[in-house]
Amino acid sequence: MIYLQVDHWLVVWSKALNDGPLPEPITTMIGEHERLLVLLGEISNCIAAQGVPDSRKLAELVSSFLLCMDMHVHKEEDILFPCVRVALGSDAAEALDIFEIEHATIGNLLSQFHDLARRLPGKGTCDPEDIRQLGELTSQACEVMPPHIFKEDNVLYPLASQMISQETLRKLATEAKNASRTE
Ligand SMILES: [Fe+2]
Ligand SMILES: [Fe+2]
């Protein structure tokens, strides 16, 4: 149902799009999407590998995923979404509400990932129940995130790029630099 409503807005918004290169901080965020999906795939593979999962590798992958995800969500929720909401006004309110509902779902998964990450040992053997829960969370994230990312990459980001102020672009670039220093 949610996706049907958004699809309506995707059609309306996509008509307003010009083809053209996207500004740098936005292309970096598209790169973050790719990295997040790769990391989710690697977490799935690590869990599905035969035998006992490599706990050190799993802990590293989950920690990289959470670091990238927390920074990315912060840039969208605190900088990009408010900018698009103001620029598009009431016409876009409904569609942005839906993006934010999807973020609430993703945020709920993220807090469960954080809880599990605190329990994953950096070495030694993982608790099988923790691995089972991590597998379940990862497969839920693999279901929810790709369609959300598709809409951001193909409509929301290109649209935001057309209306975003230089000041907002600078804020996004600064956040990306700060985050890369902490990695
Ligand atoms: Fe998002
Ligand atoms: Fe995103």
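Look up a bit, the structure's there.
Note that this is a predicted model, so its numbers are computed, not measured.

**Here's the deal with the overall build of the protein chain**
Helix and strand counts for the protein chain stand at 6 helices and 0 strands. Counting from the amino terminus, the protein chain carries its helices and strands in the arrangement α-α-α-α-α-α. For the protein chain, the residues scored as buried account for 20% of the 183 residues in total.

**Quick notes on the environment of Phe-113**
Among the structural elements, Phe-113 can be located in helix α4 (residues 90-119). For Phe-113, a count of 21 C-beta atoms within 10 Å corresponds to the buried category. The spatial distance from the C-alpha of Phe-113 to the C-alpha of Phe-65 is 9.5 Å, given a sequence separation of 48 residues. Filtering out sequence-adjacent residues up to four positions away, Phe-113 remains in contact with Val-62, Leu-66 and Leu-137.

**Regarding the environment of Phe-81**
Its place among the elements puts Phe-81 in helix α3 (residues 55-88). For Phe-81, a count of 17 C-beta atoms within 10 Å translates into the label partly exposed. What Phe-81 contacts, discounting residues up to four positions off in sequence, is Glu-76, Leu-96, Phe-99 and Glu-100.

**Some remarks on helix α2 (residues 24-48)**
For α2, with 25 residues, the first-to-last C-alpha span of 36 Å sits near the 36 Å given by 1.5 Å per residue. By the burial criterion, the buried members of α2 are Pro-25, Ile-26, Met-29, Leu-39, Leu-40, Ile-43 and Cys-46.

**Some remarks on helix α5 (residues 128-163)**
The end-to-end C-alpha distance of α5 is 49 Å, a good match for the 52 Å that 36 residues give at a rise of 1.5 Å each. By the largest-angle criterion, Glu-152 marks the main kink of α5, which is about 45 degrees.

**A look at the packing of α2 against α3**
Closest axis-to-axis distance for the α2/α3 pair is 10 Å, and the angle between their directions is 155 degrees. Overall, the two elements α2 and α3 adopt an arrangement that is roughly antiparallel. Pair α2 / α3 crosses with left-handed handedness. Residues Met-29, Glu-32, Arg-35, Leu-36, Leu-39, Leu-40, Glu-42, Ile-43 and Cys-46 of α2 form the contact with α3, whose participating residues are Lys-57, Leu-58, Leu-61, Val-62, Ser-64, Phe-65, Cys-68, Met-69, His-72 and Lys-75. Residue composition of the contact of α2 with α3, by class: 12 nonpolar, 2 polar and 5 charged.

**Structural notes on the packing of α4 against α5**
Remark: α4 packs on α5, axes separated minimally by 10 Å, with the N-to-C direction vectors making an angle of 145 degrees. Where α4 crosses over α5, the two elements pack in a sense that is left-handed. Only Asp-130, Gln-133, Leu-134, Leu-137, Gln-140, Ala-141, Val-144, Met-145, His-148 and Leu-156 of α5 make contact with α4, whose side of the interface consists of Phe-99, Glu-102, Thr-105, Ile-106, Leu-109, Gln-112, Phe-113, Leu-116 and Arg-119. A breakdown of the residues in the contact of α4 with α5 according to their chemical character gives 11 nonpolar, 5 polar and 3 charged.

**Observations concerning the environment of Val-84**
Tracing the backbone shows Val-84 in helix α3. Its 21 C-beta neighbours within 10 Å are what place Val-84 among the buried residues. A C-alpha to C-alpha distance of 8.4 Å links Val-84 and Leu-159, two positions 75 residues apart in sequence. Those residues in contact with Val-84 that lie beyond four places of it in its chain are Ala-92, Leu-96, Leu-156 and Ala-160.

Parameters at a glance
Residues numbered from 1 in each chain as written. Chains lettered and ligands numbered in written order. Predicted model: local features only at pLDDT ≥ 70, side-chain atom pairs only at ≥ 80, totals over all residues. Helix = DSSP H or I, 4+ residues; strand = E, 2+ residues; numbered from the N terminus. Buried ≥ 20, exposed ≤ 12 C-beta atoms within 10 Å, placed from the backbone. Contact = placed C-beta atoms within 7 Å. Expected span 1.5 Å × (residues − 1). Bend = angle between axes of the 7 residues up to and from the residue. Axes fitted to C-alpha atoms, helices over the stretch in contact; angles between N-to-C directions. Parallel < 35°, antiparallel > 145°, perpendicular 65-115°, else oblique. Left-handed = near helix turned anticlockwise from the far one by under 90°. Nonpolar A, V, L, I, M, F, W, Y, C, P; charged D, E, K, R; others polar.

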